[in-house]
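Report on the structure
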Number of protein chains: 2
Amino acid sequence: MELKSLIEPNNSKILLLVADGLGGIPHPEYGYKTELEAARTPNLDNLASKSALGLTIPVAQGITPGSGPAHLSLFGYDPQKYEIGRGVLEALGIGFHMTKRDVAARGNFATIQPDRTIIDRRAGRIPTEESRKIVEKLQEHIKEIDGVEIILKPGKEHRFVLVLRGDNLSDKISDTDPQHEGLKILDPSPLSKEAEFTAQVVKKFVDRAIEILKDEPKANGILLRGFAKVPDLEPFPEKYRLRALSIAAYPMYKGLTRLLGFDTPDAGDTFELEVEKLKELWHDYDFIYLHYKDTDKAGEDGDFEKKVHVIEKLDTFIPELLNLKPEVFIVTGDHSTPSLIGGHSWHPNPLLIYSEKAGIFNADAKFTERDCSRGYLGTINSIDLMPLLLAMSGRLKKFGA
Amino acid sequence: MELKSLIEPNNSKILLLVADGLGGIPHPEYGYKTELEAARTPNLDNLASKSALGLTIPVAQGITPGSGPAHLSLFGYDPQKYEIGRGVLEALGIGFHMTKRDVAARGNFATIQPDRTIIDRRAGRIPTEESRKIVEKLQEHIKEIDGVEIILKPGKEHRFVLVLRGDNLSDKISDTDPQHEGLKILDPSPLSKEAEFTAQVVKKFVDRAIEILKDEPKANGILLRGFAKVPDLEPFPEKYRLRALSIAAYPMYKGLTRLLGFDTPDAGDTFELEVEKLKELWHDYDFIYLHYKDTDKAGEDGDFEKKVHVIEKLDTFIPELLNLKPEVFIVTGDHSTPSLIGGHSWHPNPLLIYSEKAGIFNADAKFTERDCSRGYLGTINSIDLMPLLLAMSGRLKKFGA
């Protein structure tokens, strides 16, 4: 059975609010509550009392996903099949538009000896502004190698992105970064026959860059890793026959959804502006992805109170979103980021689906990991969410007779 | 691991009561209760308080199954692997015994112009009695084409079933029904090399039928779709080493279980008669499938109160069934048919398993979707039910040492 063969488009609207890193675990210093349990969230709790609840596993039991795999899975793409490589994520993160002809890699400026032995893998963490000038100098001198366009984009501090654009390029190339100081820069090796040409181009680029940078006091070397092409995915709007809008302030999420074929208008850099943009474009789309970043940031910082605070802030937007009257409204995370852990984790995401056809709800429920774990939807794989949303929005025909 | 290699037959009895379309969702006009919640079911509730509860997903999250896939899954056959085509279901539905040599198709009488342009795809919905006579006329004139036996059976109104019986027939043939009026009847095309002969036979049949019908005022054309053979399944009694009985009043369920190798005696056309037949044959079988249709019918009609009523009626039969002392007694649905939706849905089925070895039960539980969603068995795939039932009936050896 191909899901697509069962899809019948209609005009109902699906609103997917992803609070990044939303889920937490009990924190011993805060009465063994999770951030969601500690937060005062009257709007989310009221919604939860009328919604079907559950938990979602982003990739597999025990697996802590990065943002890339976690989001792919939410959108119904198997993250174990479609990998979004480091270089691509880095390019998306600085707002670069990747094409199918591109190979991207993460770059670091480094301090090296004349024999290319690495003294400092981060070139003394040179300031962003200084690094930007060095990137510009490199770009000025190197625009093309053997017919391949060379594109360089500055990142923060010692970081930059290298993009090779051309035909017949491959990302099956080993890193030039040996990951340890005191070792020499490695030559890029082709990891498959098709990658030989690309590896040659990268080698020439490294040689020319080191020549150009030879008089830099700190940034006289470069390290490259995570060569990657964009995965060959069926665009989301075709896969599900949905006009799809992505409202995200952060470049990485915007870039990721652009890769998937979402429309990704500039939505400003605060959640208030995101919601304004959402209202403006509401009527033109069937599926709207709305991203809230602050929960993840607070979790990553290990800041329980901050995470509680930003959850409470998110809560205040719920009535406005409900006023848009989506037929299916989902509140969930991409992955959990418990402040006790101070990073992404493998814990499943709390999941709330508000829809006339969502199923059984519990009038006593609140929007917490605990109540979600007892919910009617059970613990499901994130990748199974999209078929449920299509079904609840009335878009799936019967399978078989 | 092959399940079959672990099976050790014994004499314990498994009674599977399938209340078709049993599951529901909260209905806003009835205090947000489901039909099971609204129904007064003292016997089922008493049973639930001593049973292991859970939910089953017939095919996959979000997928609304037809009765064919839903039942295959209940009996442990992957419905995505074994498809029961439209033509076969239609033949089963009118009580026709399909053999492995048969290809069946759904037929419609249609009104056409001399150039075969379709004016009315349903020939004015001619009355069943009139249609039956036309089928008889066709059958009288066409008994065989190129060594293939032609069998025609009337259905309701403009519908009939065509069965080709012969060797080397294939069901890989395109529909002759273009699905829209104003278009011409299509020629049947072979969709694979092996289907060329069958497509020729079908084409000759269509030509001869149109010639015979040329003076009919309305039913002067025929449309064929859903060519299908019976899937090549291991019979249920061999697969599980169970003497299997099917008690179903409706032809389709009887036909489907006959395909699977169940004994399918005539059980009358009411549930009362079904239960009488069950008692009569109880001692001769290990596994008894008992089908209750009324829940699905009421759900399909969108009639909440009727569905409540027929659930209450079903409840009154529970003591009689328990009196037979099955070692494992299951009450569940094949798929859900919420009256709020008025059709099959993707919502999981409530599942009750009463057995000394079923596992943990909750003395406060009632037989509702809600309590099933919190049950010890969790939410499982319907296809995993059979191994559980074999285990609970003491038929499965240890796997490995």
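The following paragraphs examine the structure supplied in this document. (Residues numbered from 1 in each chain as written. Chains lettered and ligands numbered in written order. Predicted model: local features only at pLDDT ≥ 70, side-chain atom pairs only at ≥ 80, totals over all residues. Heavy atoms only, no water.)

Going through the model one piece at a time under the given rule, you end up with two cavities of 30 Å³ or more. The volume enclosed by the largest cavity comes to roughly 120 Å³. As for the largest cavity, its lining consists of A:Ala358, A:Tyr376, A:Leu377, A:Leu388, A:Met392, B:Leu55, B:Ile57, B:Gln61, B:Trp346, B:His347, B:Pro348 and B:Thr379. Looking at the lining of the largest cavity residue by residue, the class counts come to nine nonpolar, three polar and no charged. Looking at the second largest cavity, its volume works out to about 40 Å³. For the lining of the second largest cavity, the per-class residue count stands at six nonpolar, two polar and one charged. (1 Å grid on protein atoms, 1.4 Å probe; cavity = no way out; pocket = protein on both sides within 12 Å on 5 of 7 lines; lining within 4 Å. Points joined across faces, edges and corners; volume = space filled by probe spheres on them. Nonpolar A, V, L, I, M, F, W, Y, C, P; charged D, E, K, R; others polar.)

On to a nonpolar patch on the surface. A cluster of nonpolar side chains, A:Leu340, A:Ile341 and A:Trp346, forms an exposed patch at the surface whose accessible area comes to about 270 Å². With respect to the element layout, A:Leu340 can be found in the loop between strand 11 (328–332) and strand 12 (349–354). (Patch = residues over 30% accessible without salt bridge, like charges linked within 9 Å, V, L, I, M, F, W, Y side chains within 5 Å. Areas by Shrake-Rupley, 256 points an atom, 1.4 Å probe, with all protein chains shown as cover. Salt bridge = Lys/Arg side-chain N within 4 Å of Asp/Glu carboxyl O. Helix = DSSP H or I, 4+ residues; strand = E, 2+ residues; numbered from the N terminus.)

The next thing to look at is the pattern of salt bridges. Applying the stated criterion across every chain, the model contains 60 salt bridges over all chains. A salt bridge links B:Asp171 to B:Lys172, with the shortest nitrogen-to-oxygen separation between them at 3.0 Å. Classification of B:Asp171 by relative accessible area gives buried; the value is 19%. Its relative accessible area of 44% is what places B:Lys172 among the partly exposed residues. Among the ionic contacts, a cluster of salt bridges with common partners joins A:Arg116, A:Asp187, A:Lys203 and A:Asp207. (Buried < 20%, exposed > 50% of the residue type's maximum accessible area, 1.4 Å probe, protein only.)

Residues and elements named next belong to chain A. A contiguous patch of negative charge, built from Glu 300, Asp 301, Asp 303 and Glu 305, is present on the exposed surface. Considering the arrangement of structural elements, one finds Asp 301 in the loop between helix 10 (294–300) and helix 11 (304–315). Its relative accessible area of 62% is what places Asp 301 among the exposed residues. (Lys, Arg positive; Asp, Glu negative; His and termini not counted. Charge placed at Lys NZ, Arg CZ, Asp CG, Glu CD.)

Let us look at the sheet that holds strand 9 (residues 244–247) of chain A. Residue and element names in this part refer to chain A. One open sheet holds the seven strands; their spatial order is 9-10-1-11-12-2-13, and the pairing between them is mixed. Every interior strand has two partners, whereas the edge strands, strand 9 and strand 13 (378–381), have only one. Each neighbouring strand pair of the sheet contributes to a mean axis angle of 20 degrees, computed without reference to strand direction. The pairing of strand 2 (residues 52–57) with strand 13 spans four bridges and is classified as parallel. Across the sheet, Thr 56 pairs through a bridge with Ile 380, a residue of strand 13. Packing of helix 9 (residues 271–281) onto the sheet brings it into contact with strand 1 (14–19), strand 9 and strand 10 (287–292), and relative to strand 10 it is tilted by some 170 degrees. Where helix 14 (residues 385–392) meets the sheet, its contacts fall on strand 1, strand 10, strand 11, strand 12 and strand 13, and the angle it forms with strand 12 comes to roughly 10 degrees. (Pairing = 2+ DSSP bridges. Axes fitted to C-alpha atoms, helices over the stretch in contact; angles between N-to-C directions. Contact = heavy atoms within 4.5 Å.)

What follows covers the environment of A:Lys33. Here A:Lys33 lies in the loop between strand 1 and helix 1 (35–38). For A:Lys33, a relative accessible area of 41% translates into the label partly exposed.

Turning to the layout of surface pockets, a few remarks are in order. If you roll a probe as big as a water molecule over the atoms, it shows you where there is empty space left. Computed from the structure, the largest pocket encloses a volume of approximately 900 Å³. Around the largest pocket, the lining comprises 28 residues; the ones closest to its centre are A:Arg86, A:Leu89, A:Glu90, A:Gly93 and A:Met252. For the lining of the largest pocket, the secondary-structure elements that each account for two or more residues are helix 3 (67–74), helix 4 (86–93), strand 7 (159–165), helix 8 (251–259) and helix 10 of chain A. Looking at which element gives the most residues to the lining of the largest pocket, the answer is helix 4 of chain A, with four residues. Among the residues making up the lining of the largest pocket, the classes are represented as ten nonpolar, seven polar and eleven charged. In this structure, the second largest pocket encloses a volume near 690 Å³. Residue lining of the second largest pocket: 21 residues in total, with B:Arg86, B:Leu89, B:Glu90, B:Gly93 and B:Met252 positioned closest to the centre. For the lining of the second largest pocket, the secondary-structure elements that each account for two or more residues are helix 5 (86–93), strand 7 (159–165) and helix 9 (251–259) of chain B. In terms of residue count, helix 5 of chain B provides more of the lining of the second largest pocket than any other element does, four residues in total.

With that settled, the discussion passes to the environment of B:Thr337. Counting through the fold element by element, B:Thr337 comes out in the loop between strand 11 (328–332) and strand 12 (349–355). In this structure, the C-alpha to C-alpha distance between B:Thr337 and B:Lys307, residues 30 residues apart in sequence, is 9.8 Å.

Core analysis: the largest hydrophobic core is formed by 98 residues, its most contacted members being A:Phe236, A:Phe287, A:Ile353 and B:Leu17. In terms of residue count, helix 14 of chain A provides more of this core than any other element does, seven residues in total. Aside from chain neighbours lying at most four places away, what touches A:Phe236 is A:Phe75, A:Tyr77, A:Arg241, A:Leu242, A:Ala244, A:Leu260, A:Phe262, A:Phe287 and A:Met386. One finds B:Phe75, B:Ala91, B:Ile151 and B:Ile380 within the second-largest nonpolar core, a separate group that totals 49 residues. (Core = buried A, V, L, I, M, F, W, Y, C linked by side-chain atoms within 4.5 Å.)

Let us look at the relation of the copies chain A and chain B. The operation relating chain A to chain B is a screw motion whose rotation component is 123 degrees, with 0.1 Å of axial translation and a residual RMSD of 0.1 Å. Considering both components of the superposition, the chain copies are consistent with a three-fold axis. Of the C-alpha atoms belonging to chain A, the one lying closest to the rotation axis is found on A:Arg374, 3.8 Å away. (Least-squares fit on C-alpha atoms with pLDDT ≥ 70 in both.)

Residue and element names in this part refer to chain B. Following both chains from N to C, one finds helix 4 (residues 67–74) and helix 9 inclined at 45 degrees, their axes separated by 11 Å at the closest point. Here helix 4 is positioned oblique relative to helix 9, judged by the angle of their axes. Both helix 4 and helix 9 take part in a crossing whose hand is right-handed. When helix 4 is examined against helix 9, the residues Ser 67, Gly 68 and His 71 are found in contact with a partner set consisting of Met 252, Tyr 253 and Leu 256. Partitioning the contact of helix 4 with helix 9 into residue classes produces three nonpolar, three polar and no charged. (Parallel < 35°, antiparallel > 145°, perpendicular 65-115°, else oblique. Left-handed = near helix turned anticlockwise from the far one by under 90°.)

Let us now look at the interface of chain A and chain B. Contact residues are listed per partner, giving 23 residues for chain A and 31 residues for chain B. Carbon and sulfur atoms make up 65% of the area that chain A and chain B hide from each other, which totals about 2200 Å². Summed over the shared surface of chain A and chain B, the result is six residue pairs in polar contact (both at pLDDT 80 or more). Counting residues per element, the side of chain A that touches chain B draws most heavily on helix 14 of chain A, which supplies four residues. Here the residues of the side of chain A that touches chain B sort into 15 nonpolar, three polar and five charged. (Buried area = accessible area lost by both parts, 1.4 Å probe. Polar contact = N/O pair within 3.5 Å; in protein donor to acceptor, adjacent residues only side chain to side chain.)

Turning our attention to the side chain of A:Glu369. All names here are of chain A. With respect to the helices and strands, the residue Glu 369 is situated in helix 13 (residues 369–373). Buried and unpaired, Glu 369 has no salt bridge, with Lys 307 as the nearest side chain of opposite charge at 6.1 Å. Within polar-contact distance, the side chain of Glu 369 engages the side chain of Thr 34 at 2.7 Å. Once you skip the residues sitting within four places of it in the chain, Glu 369 turns out to touch Leu 22, Gly 23, Gly 24, Thr 34, Leu 36, Leu 55 and Pro 350.

The side chains of a regular strand alternate, first on one face of the sheet and then on the other. Residue and element names in this part refer to chain B. For strand 12, a buried count of six out of seven residues is recorded, marking the element as mostly surrounded by other parts of the structure. Relative to strand 12, strand 2 (residues 52–57) runs antiparallel, the two being bridged by five bridges. Bridge pairing in strand 12 links Leu 55 to Pro 350. By the bridge criterion, five bridges tie strand 11 to strand 12 in an arrangement that is antiparallel. For Val 328, the partnering residue across the bridge sits in strand 12 and is Ser 355.

Residues and elements named next belong to chain B. Locating Arg 225 in the fold gives a position in strand 8 (residues 221–228). In terms of polar contacts, Arg 225 uses its side chain to reach the side chain of Asp 177, at 3.4 Å. Once residues lying within four places of it in the same chain are set aside, the contact partners of Arg 225 are Ala 105, Arg 106, Asn 108, Arg 121, Asp 175, Asp 177 and Gln 179.

Moving on to the packing of aromatic side chains. All names here are of chain A. This structure, assessed with the given rule, holds 29 aromatic pairs over all chains. Members of the aromatic cluster, connected to one another through ring pairs, are Phe 75, Phe 236, Tyr 240, Phe 262, Phe 287 and Tyr 289. The ring of Trp 282 has Lys 13 sitting right over it, with the charged end atom 5.8 Å from the ring centre. Between Lys 293 and the ring centre of Tyr 250, over which it is positioned, the NZ or CZ distance is 5.3 Å. (Phe/Tyr/Trp six-rings, centres within 6.5 Å; stacked < 30°, edge-to-face > 60°. Lys NZ or Arg CZ within 6 Å of the ring centre and 35° of its normal.)

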